[in-house]
Amino acid sequence: MKIRSIAGVVALALSLAACGSSQSATDAGTGAGTKTAESADTVLKVGASPVPHAEILNFVKENLAPAAGLKLEIVEFTDYVQPNVQLDEGQLSANFFQHKPYLDDFNASKGTKLSFVTPVHLEPLGLYSKKITALSALASGATVALPNDATNLGRALKLLADNGVITLKEGAGTAATERDVTGNPKKLQFKPLEAAQLPRSLDDVDAAVINGNYALEAGLKPASQALVLEKSEGNPYVNGLVVQAGHEKDANIVTLGKLLRDPKVKEFIQQKYQGSVIAAE
C-alpha cells in the first residue's frame, strides 16, 4: 500500500509538471507571436528601385519617420516586376517605383489588385547617346533602343513623336507600339529591350530612350545629358506609393504618404537631383 501511494504521488507530480511545461510553452509561444504581430504593425516593408526611390525613402526614414512614429524597412529591386509580385503576395507592405499607367497595365495583365495611393515625383524619360550630341545628328537608318514594357514603350515612342522624329497614329496613346508609327522619315530601326538593360545598350546602338531611374543609376544626368527630355507639365507618368487594394487608409500608409510629400522631401529632391527628378505638385 505504501509503495502504491508513493508511486501515485510520483505519477501525479510528473503529470502536473508535464501540464505546467505545456502551459508555459504555450504561453511563451503566444507571447512571441504577439510580439511579432506588433512588430509587423509598426514596421512598413517597402520595395523600391535603388535610385531615386530608395534614396528618397532613406531620407524619410532618417529625417522624418522617427518623429512620426514610423519604422521603415526598405527592400531594393532592380526590375519592374518583382516589387508588384511581392506586394501582391503580402511580402511587402507597399512599393514605390512605378507610375499609374504601368500599374494599371500590370493589374490588367496579371490579375492583381494593387492601388496607387499618392504621387511623389516624376522622372522624365530621355533620349541618350554616346555617338551623337544632338537629336538632329541622328542618322538615317540609326538604331534606337526602347523600353519593351507596354506603357513605357508607348511613352518612349511619344517622346520621339513629340520631338518630330516620328509620327504616331492618332489616338495611339500610352499603348502605342512600333505598329502605330505612321511616319519614320529617318527609317529608324527600333530595338525594344528590358528597361534595366537600356543604359548598357548605349555602346551598341545609336541612341536609347531610358527611364529616369535607370539613367540615374548608370551615372547619367537627365537634365543636362539627355538629347531630349519629357516635359513635366501634364505628364501622367508620376511615380508614387502603391499598396494592396483595401490598405490605402491604413494608418501607417497614410503617414508614409504624407511624409513622402513633405516640403522637406521636395527640397531634398530638388537639391539632390537638380531637375533630373521633379517633385509632384
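Just above sits the structure.
Residues numbered from 1 in each chain as written. Predicted model: local features only at pLDDT ≥ 70, side-chain atom pairs only at ≥ 80, totals over all residues. Heavy atoms only, no water.

Draft legend 1. Looking closely at the sheet that holds strand S6 (residues 143–147). Pairing within the open sheet is mixed, and its five strands lie in the order S9-S6-S10-S5-S11. If you trace the sheet from one side to the other, it starts and ends with strand S9 (189–193) and strand S11 (228–229), each paired once. Docked against the sheet, helix H6 (residues 150–162) engages strand S5 (126–128), S6, S9, strand S10 (207–210) and S11, running at close to 135° with respect to S6. (Pairing = 2+ DSSP bridges. Helix = DSSP H or I, 4+ residues; strand = E, 2+ residues; numbered from the N terminus. Contact = heavy atoms within 4.5 Å. Axes fitted to C-alpha atoms, helices over the stretch in contact; angles between N-to-C directions.)

Draft legend 2. Representation of the packing of aromatic side chains in the model. Scanning the model with the defined rule gives seven aromatic pairs in all. Pairing Phe 97 with Tyr 102 gives two aromatic rings, centres 6.1 Å apart and planes at 75°, and the pair type is edge-to-face. Comparing Phe 97 with Tyr 102, the two get one shared label, buried. Measuring from centroid to centroid gives 6.2 Å for Phe 268 and Tyr 273, while their planes differ by 85°, and the two rings are edge-to-face. Pair check on accessibility: Phe 268 and Tyr 273 agree, each one buried. An aromatic cluster is defined as three or more aromatic residues linked by ring pairs; in this entry it consists of Tyr 80, Phe 97, Tyr 102, Phe 106 and Tyr 214. (Phe/Tyr/Trp six-rings, centres within 6.5 Å; stacked < 30°, edge-to-face > 60°. Buried < 20%, exposed > 50% of the residue type's maximum accessible area, 1.4 Å probe, protein only.)

Draft legend 3. Geometry of the sheet that holds strand S1 (residues 43–48). What the six strands build is an open sheet, ordered S2-S1-S3-S12-S4-S13; its pairing is mixed. Taken across any chain shown, the strands that pair with only one partner, and hence form the sheet edges, are strand S2 (71–76) and strand S13 (278–279). Inspection of the sheet shows strand S4 (residues 114–122) paired to strand S12 (residues 238–244) by seven bridges, in the antiparallel sense. When the bridges of S12 are listed, Thr 118 appears paired with Leu 241. Helix-sheet contacts for helix H10 (residues 251–260) involve S1, S2, strand S3 (94–99), S4 and S12, and the interaxial angle to S12 is about 170°.

Draft legend 4. Structural context of the pattern of salt bridges. For the structure shown, the criterion picks out five salt bridges. A salt bridge links Lys 100 to Asp 104, with the shortest nitrogen-to-oxygen separation between them at 3.1 Å. Taken together, the positions of Lys 100 and Asp 104, both in helix H5 (residues 100–110) and four residues apart, correspond to about one turn of that helix. With its nearest N and O atoms 3.0 Å apart, the salt bridge here joins Asp 203 to Lys 130. Here Asp 203, found in the loop between helix H7 (198–201) and S10, pairs with Lys 130, found in the loop between S5 and S6; they are 73 residues apart in sequence, far enough to count as distant. Each member of the pair, Asp 203 as well as Lys 130, is classed as exposed. (Salt bridge = Lys/Arg side-chain N within 4 Å of Asp/Glu carboxyl O.)

Draft legend 5. View of the nonpolar core. Core analysis: the largest hydrophobic core is formed by 30 residues, its most contacted members being Leu 256 and Leu 260. At the level of secondary structure, the elements contributing two or more residues to this core comprise S1, helix H2 (50–63), S2, S3, S12, H10 and helix H11 (263–273). No other element matches the six residues that H2 contributes to this core. Apart from the residues within four sequence positions on either side, Leu 260 is in contact with Ile 56, Leu 57, Val 60, Phe 96, Val 120, Leu 241 and Val 265. (Core = buried A, V, L, I, M, F, W, Y, C linked by side-chain atoms within 4.5 Å.)

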